[in-house]
Amino acid sequence: MVQPLIIRDIAIGEGIPKICASLIGETASQLKEEAHVLITESVDVIEWRVDFFEKADDKSEVLQTLANIRSWIGNIPLVFTFRSKKEGGEKELEREAYIALNKAAAKSGYADIIDVELFNREADVKELVEFAHAHKAAVIVSNHDFNKTPAKEEIISRLRKAQELGGDLPKIALMPQSMADVITLLDAVQTMKEQYADRPIIAMSMGGQGSISRIAGEAFGSALTFGAAKKASAPGQIPIKNLKTVLTILHESL
């Protein structure tokens, strides 16, 4: 039985899939402007994609900006994400710097969730999960492949591994080469939910072909979806207003 994850006033894994949108500004002023837009759009969760930030390699600047973002967005749950280049991000950090930055974010109290990539050293993932939990932060354990969609069994294996490592929200995002790949992703998510998951999961197929997966989460088992405000942080994201409308229509019919 999947237990919802409660972050501030938001229950992820209960009812309509929650909408998350990303802050991707390079400067503090850009981030402040984007934060205001997301507040007016009434998103459920906000993610700060730190790898877009021009001073992402300066931990003190990152923490000061994280504090500012928290003050700008009020009580909206905040995800802290440094996405590596190998998984579609804008920058790269050395292993030690990646660990230190995520620990600092978790310890700060400003970020409710940190995103830790599954394909780091297993010991590092465990260390970050345990550290975050000790400081009352939740963890997304994520995997992104911008080139392909693996077989159903591999998708399930990665989600199960993310769960076993203690991720509160196992996440996978894959690029389809065909609509059959999209079906594979949705089939894997449904099987994961029905047979293995004891917590909410996040799963999506990217690009235009995969956009159906961003609105079908409630039917197949994905608890959170990413929408776009002015600019998408990943291919295939749907504008927030349109996403809300479609998710509501589907919810009422299920």
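Note that the structure is a prediction, hence the values are computed from the model and not measured.

Draft legend 1. Region of the structure containing unusual backbone geometry. At Ser42, a residue that is not glycine, the phi angle is positive and equals roughly 55°. When its relative accessible area of 47% is taken as the criterion, Ser42 is described as partly exposed. Unlike most non-glycine residues, Lys136 shows phi in positive territory, near 65°. Tracing the backbone shows Lys136 in the loop between helix 4 (122-134) and strand 7 (138-145). Assessed through its relative accessible area of 77%, Lys136 is described here as exposed.

Draft legend 2. A look at the sheet that holds strand 6 (residues 113-117). Taken in spatial order, the nine strands line up as 9-8-7-6-5-4-3-10-11 in an open sheet, and their pairing is parallel. The strands lining the two open edges of the sheet, one partner per strand, are strand 9 (202-205) and strand 11 (238-239). Summarising the sheet, strand 8 (residues 169-174) and strand 9 pair through four bridges and their orientation is parallel. Note on strand 9: the bridge partner recorded for Leu174 is Ser205. Lying over the sheet, helix 2 (residues 59-73) contacts strand 3 (18-23), strand 4 (45-49) and strand 5 (78-81), oriented at roughly 160° with respect to strand 5. Together, strand 8 and strand 9 form the strand contacts of helix 6 (residues 179-195), whose direction differs from that of strand 9 by roughly 165°.

Draft legend 3. Expanded view of the packing of helix 2 against helix 3 (residues 95-108). Contact geometry of helix 2 with helix 3 gives a least axis separation of 10 Å together with a crossing angle of 30°. Classed by the angle they form, the pair helix 2 and helix 3 counts as roughly parallel. When the axes of helix 2 and helix 3 are compared, the crossing they make is right-handed. Across the interface between the two elements, Lys59, Val62, Leu63 and Leu66 from helix 2 touch Ala100, Leu101, Ala104, Ala105 and Ser108 from helix 3. The residue inventory of the contact of helix 2 with helix 3, partitioned by class, reads seven nonpolar, one polar and one charged.

Draft legend 4. Spotlight on the nonpolar core. One finds Leu23, Ile46, Trp48, Phe80 and Ile114 to be the most contacted residues of the largest nonpolar core, which totals 44 residues. At five residues, helix 3 tops the list of elements feeding residues into this core. Setting aside anything within four residues of it in sequence, one finds Trp48 in contact with Leu23, Leu31, Phe53, Val62, Thr65, Leu66, Ile69, Leu78, Val79, Phe80 and Thr81. By size, the runner-up hydrophobic cluster in this structure holds 19 residues, among which are Val45, Ile140, Ile202 and Ala223.

Draft legend 5. Highlighting the side chain of Thr149. Here Thr149 shows up in the loop between strand 7 and helix 5 (152-164). Among the polar contacts listed, one links the side chain of Thr149 to the backbone oxygen of Met175, at a separation of 2.8 Å. Apart from the residues within four sequence positions on either side, Thr149 is in contact with Ile155, Leu174, Met175, Pro176 and Asp181.

Draft legend 6. The arrangement of helix 4 in detail. In this model helix 4 runs 18 Å from its N-terminal to its C-terminal C-alpha over 13 residues, within 8% of the 18 Å that 1.5 Å per residue would give. In this fold, the buried residues of helix 4 make contact with helix 3, strand 6 and strand 7. A positive phi of about 65° marks Lys136, the residue just after helix 4.

Draft legend 7. Expanded view of the environment of Ala180. In this structure, Ala180 sits in helix 6. Measuring from C-alpha to C-alpha, the distance between Ala180 and Thr149 comes to 9.7 Å, with 31 residues separating the pair along the chain.

Draft legend 8. The arrangement of helix 3 in detail. Helix length check: helix 3, at 14 residues, gives a terminal C-alpha distance of 20 Å against a target of 20 Å (1.5 Å per residue), a fit within 8%. Within the span of helix 3, buried status applies to Tyr98, Ile99, Leu101, Asn102, Ala104, Ala105 and Ala106. Considering only its buried residues, helix 3 is in contact with helix 2, strand 5, strand 6 and helix 4. Among the residues trailing helix 3, Gly109 stands out with phi positive, at a value near 85°.

Draft legend 9. Highlighting the pattern of salt bridges. Taken as a whole and assessed by the stated rule, the structure comprises 16 salt bridges. With a shortest N-O distance of 3.2 Å, Glu117 and Arg83 are connected by a salt bridge. Residue Glu117 is located in strand 6, and its partner Arg83 is located in the loop between strand 5 and helix 3; the two are separated by 34 residues in the primary sequence. With respect to class, Glu117 is no different from Arg83; both count as buried. Lys148 serves as the salt-bridge partner of Asp145, at 2.9 Å between the closest nitrogen and oxygen. The exposure class assigned to Asp145 is buried, which follows from its relative accessible area of 9%.

Scoring rules and cut-offs
Residues numbered from 1 in each chain as written. Predicted model: local features only at pLDDT ≥ 70, side-chain atom pairs only at ≥ 80, totals over all residues. Heavy atoms only, no water. Buried < 20%, exposed > 50% of the residue type's maximum accessible area, 1.4 Å probe, protein only. Helix = DSSP H or I, 4+ residues; strand = E, 2+ residues; numbered from the N terminus. Pairing = 2+ DSSP bridges. Contact = heavy atoms within 4.5 Å. Axes fitted to C-alpha atoms, helices over the stretch in contact; angles between N-to-C directions. Parallel < 35°, antiparallel > 145°, perpendicular 65-115°, else oblique. Left-handed = near helix turned anticlockwise from the far one by under 90°. Nonpolar A, V, L, I, M, F, W, Y, C, P; charged D, E, K, R; others polar. Core = buried A, V, L, I, M, F, W, Y, C linked by side-chain atoms within 4.5 Å. Polar contact = N/O pair within 3.5 Å; in protein donor to acceptor, adjacent residues only side chain to side chain. Expected span 1.5 Å × (residues − 1). Salt bridge = Lys/Arg side-chain N within 4 Å of Asp/Glu carboxyl O.

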